[in-house]
Amino acid sequence: MSARYASAKAQYAALGLDTEKAIEALLALPISIHCWQGDDVRGFEGGGALSGGIAATGNYPGRARNFTELSQDLEQVLALVPGRHKINLHAIYAVTHDAVPRDQLQPEHFAPWLEFAKRRGLGLDVNPTLFSHPLAAQGMTLSHPEEGVRRFWIGHCKAMRRIGAHFARELGQVCVNNIWIPDGLKDSPADRLGPRARLKASLDEILAEQYDKALLIDAVESKVFGIGLESYTVGSHEFYLNYAAKTGCACLLDNGHYHPTELVSDKISSLLLFADVIALHLTRGVRWDSDHVVTLGDELVEIAKEIVRCGALERVLLALDYFDASINRVAAWVIGLRNVRKALLQALLLPHGQLRDLQNAGDFTRLLALQEEYKLLPLGDVWAELCARAGIPAGGEWLEQALACERTQRA
Ligand code: RNT
Ligand code: ZN
């Protein structure tokens, strides 16, 4: 134990906080690593450009082009981040010789991922990919007016649920299947109800097959708008909030998917009062849903505090979701992952009971003053200690490791 950690431990103990317990709770919590940061959301299908109202910008060299490269990069990431992890896969990361239509995907098409997860003690999460595809080109998928198009996407979503459940059985841990669709319109709609009614019917069909919730948790992700789809979003927050409440699937809140002054940290408690579990996509919007790398800012810490204060570490499923192609991609992953862990550590090391009592007693002066004072508690010393114990570089050394093998030979 370092002298600095011993001193920090004592300072926290004086506030009634046990740093050992905080470290243990922190490291037990799984964080799902979005595989799509490694290749700018291109996937392995070899098809066209990213579509669906989202965009990865930048041209830093080294984008992973296949399973071997992406898994190598993930190995590098895993060596630089402490704690338990899952890998979050999109359907377009299937490893196949020939093109397999997305509605025909089977567990065997993800065999290398399953083997990777087993070898590294990771969980797996899945996402049907309802974008970057000719049948999504019109900006409609599960809500498309044509039955044939809807059938294809319904089939695809069902296939991914089967694959997710297979992963869960093989790995002995739950799989989150998150459905996000880009469906929307660039300009003023003539019919808002129709597409939403079709989306509802499509989801009902997809989710009709029952899976044990210990294996598969289905989540639905809303958003406000997409690029080129600015005027109408079929899968809005209200739509999915109600859909989840009625059907028991989970709401997934992506903190880039709300109006800029609307905060996910404020939504968590409301949802937890009515749902068993919720899921989060942690990202950073700069002016819009720009999917910048997650930094250790106020909102990330506030989200972490809400999870801890609600006693909901096991009920809030955490995943990252951003894609920055302008910096080293391994570093982008590591920065975000370490920041999420740091925010949670900060949240775990606050005397929430004392602060709640001050709020309830109406002592708002002390409440504000102490909240500000606690921002300078010696969190970094606890972080350094837990990294050292896990054999993970604590400070900037991780960066040199990440940058030591720039993938410049990749075209
Ligand atoms: C898009 C959503 C969605 C995607 C990933 C790739 O706005 O956030 O979660 O980013 O599925
Ligand atoms: Zn998201």
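Further up the page is the structure itself.
Here is a short report on the structure shown in this document.

Analysis parameters
- Residues numbered from 1 in each chain as written.
- Chains lettered and ligands numbered in written order.
- Predicted model: local features only at pLDDT ≥ 70, side-chain atom pairs only at ≥ 80, totals over all residues.
- Heavy atoms only, no water.
- Helix = DSSP H or I, 4+ residues; strand = E, 2+ residues; numbered from the N terminus.
- Rg over C-alpha atoms; globule rule 2.2 N^0.38 Å.
- Contact = heavy atoms within 4.5 Å.
- Lys, Arg positive; Asp, Glu negative; His and termini not counted.
- Charge placed at Lys NZ, Arg CZ, Asp CG, Glu CD.
- Near = heavy atom within 4 Å.
- Polar contact = N/O pair within 3.5 Å; in protein donor to acceptor, adjacent residues only side chain to side chain.
- Areas by Shrake-Rupley, 256 points an atom, 1.4 Å probe, with all protein chains shown as cover.
- 1 Å grid on protein atoms, 1.4 Å probe; cavity = no way out; pocket = protein on both sides within 12 Å on 5 of 7 lines; lining within 4 Å.
- Sits in = over half its atoms within 2 Å of the grid points.
- Nonpolar A, V, L, I, M, F, W, Y, C, P; charged D, E, K, R; others polar.
- Phe/Tyr/Trp six-rings, centres within 6.5 Å; stacked < 30°, edge-to-face > 60°.
- Buried < 20%, exposed > 50% of the residue type's maximum accessible area, 1.4 Å probe, protein only.
- Salt bridge = Lys/Arg side-chain N within 4 Å of Asp/Glu carboxyl O.
- Donors = N, O, S within 2.8 Å, 3.2 Å for Na, K, Ca; no water.
- Core = buried A, V, L, I, M, F, W, Y, C linked by side-chain atoms within 4.5 Å.
- Arc of directions from axis to C-beta.

### Some thoughts on the overall build of the protein chain
Now for step 1: Helix and strand counts for the protein chain come out as 14 helices and twelve strands.
Now for step 2: On C-alpha atoms alone, the protein chain measures out to a radius of gyration of 21 Å, which is about the 22 Å that the 2.2 N^0.38 rule sets for 411 residues.
Now for step 3: Each principal axis of the C-alpha distribution contributes one length, and for the protein chain these read about 65 × 55 × 40 Å.
Now for step 4: Considering only intrachain contacts with a sequence separation of at least 6, the fraction spanning at least 24 residues in the protein chain is 81%.
Now for step 5: Looking at the protein chain, you have 42 positive and 50 negative side-chain charges, and the mean spots of the two groups are 1 Å apart.

### Considering the site of ligand 1
Now for step 1: Around ligand 1, the neighbouring residues are Trp36, Ile54, His90, Trp180, Glu221, Lys223, Asp254, His257, His281, Asp289, Asp321 and Phe323.
Now for step 2: Asp254 places a side-chain nitrogen or oxygen 3.0 Å from an oxygen atom of ligand 1.
Now for step 3: Measuring from an oxygen atom of ligand 1, one finds a side-chain N or O atom of His281 at 3.2 Å.
Now for step 4: Burial of ligand 1 by the protein chains amounts to 100% of its free accessible area of 310 Å².
Now for step 5: More than half of the atoms of ligand 1 fall within 2 Å of the grid points belonging to the largest cavity.
Now for step 6: Split into classes, the residues belonging to the shell around ligand 1 amount to four nonpolar, three polar and five charged.

### Points about the packing of aromatic side chains
For any two aromatic rings, the description comes down to two numbers: the centre-to-centre distance and the angle of the planes.
Now for step 1: According to the stated counting rule, one finds eight aromatic pairs in the structure shown.
Now for step 2: Ring geometry for Phe110 versus Phe167: centroids 6.0 Å apart, planes at 85 degrees, classification edge-to-face. Of this pair, Phe110 sits in the loop between strand S2 (85-90) and helix H4 (111-120) while Phe167 sits in helix H5 (residues 147-171), placing them 57 residues apart in sequence.
Now for step 3: Classification of Phe167 by relative accessible area gives buried; the value is 0%.

### Considerations on the pattern of salt bridges
Now for step 1: A full pass over the atoms with the stated rule returns 26 salt bridges.
Now for step 2: Between Glu69 and Arg65 there is a salt bridge whose closest N-O contact spans 2.5 Å.
Now for step 3: Since its relative accessible area comes to 11%, Glu69 is described here as buried.
Now for step 4: Taking the relative accessible area as the measure of exposure, Arg65 reaches 35% and is therefore partly exposed.

### Section: the environment of Tyr232
Now for step 1: Examined against the element boundaries, Tyr232 turns out to sit in strand S7 (residues 232-233).
Now for step 2: Tyr232 sits in the buried class, given a relative accessible area of 2%.
Now for step 3: In this structure the C-alpha to C-alpha distance between Tyr232 and Ser188, which are 44 residues apart in sequence, comes to 7.2 Å.
Now for step 4: Here Tyr232 is in contact with Asp183, Gly184, Leu185, Pro189, Asp191, Arg192, Pro195 and Arg196, once residues within four sequence places are set aside.
Now for step 5: Polar contacts involving the side chain of Tyr232 include one to the main-chain carbonyl oxygen of Arg192, which spans 2.6 Å.

### Digging into the coordination of the zinc ion (ligand 2)
Now for step 1: Every protein donor of the zinc ion (ligand 2) is accounted for by Glu221 (OE), Asp254 (OD), His281 (ND1) and Asp321 (OD), and the metal-donor separations fall at 2.1 to 2.2 Å.
Now for step 2: Written as a sequence motif, the donor arrangement for the zinc ion (ligand 2) is E-x32-D-x26-H-x39-D. Taken as a pair, Glu221 in strand S6 (residues 216-221) and Asp321 in the loop between strand S12 (316-320) and helix H10 (329-348) lie far apart in primary sequence, 100 residues in all.

### Comments concerning the nonpolar core
Now for step 1: By size, the foremost hydrophobic cluster in this structure holds 123 residues, and its most contacted members are Ile87, Trp113, Leu142, Leu203 and Leu280.
Now for step 2: Looking at which element gives the most residues to this core, the answer is H10, with twelve residues.
Now for step 3: In this structure, Trp113 is in contact with Phe44, Phe67, Leu70, Leu74, Ile87, Leu89, Tyr93, Val95 and Leu124, ignoring residues within four places of it in sequence.
Now for step 4: By size, the runner-up hydrophobic cluster in this structure holds seven residues, among which are Ile217, Ala219, Ala250 and Leu317.

### A closer look at helix H11 (residues 352-360)
Now for step 1: Of all the positions in H11, only His352, Leu355 and Leu358 are classed as buried. Down the axis of H11, the smallest arc covering the buried residues is 125 degrees, so these residues share one side. Seen from the open side of H11, the exposed residues pointing more than 90 degrees away from its buried face are Asp357 and Asn360.
Now for step 2: Of the surrounding elements, those touching the buried residues of H11 are helix H9 (298-309), H10 and helix H12 (364-373).
Now for step 3: Immediately beyond the C-terminal end of H11, within one or two residues, lies Gly362, with a positive phi of roughly 75 degrees.

Everything listed is a geometric property; what it means functionally is a separate question.
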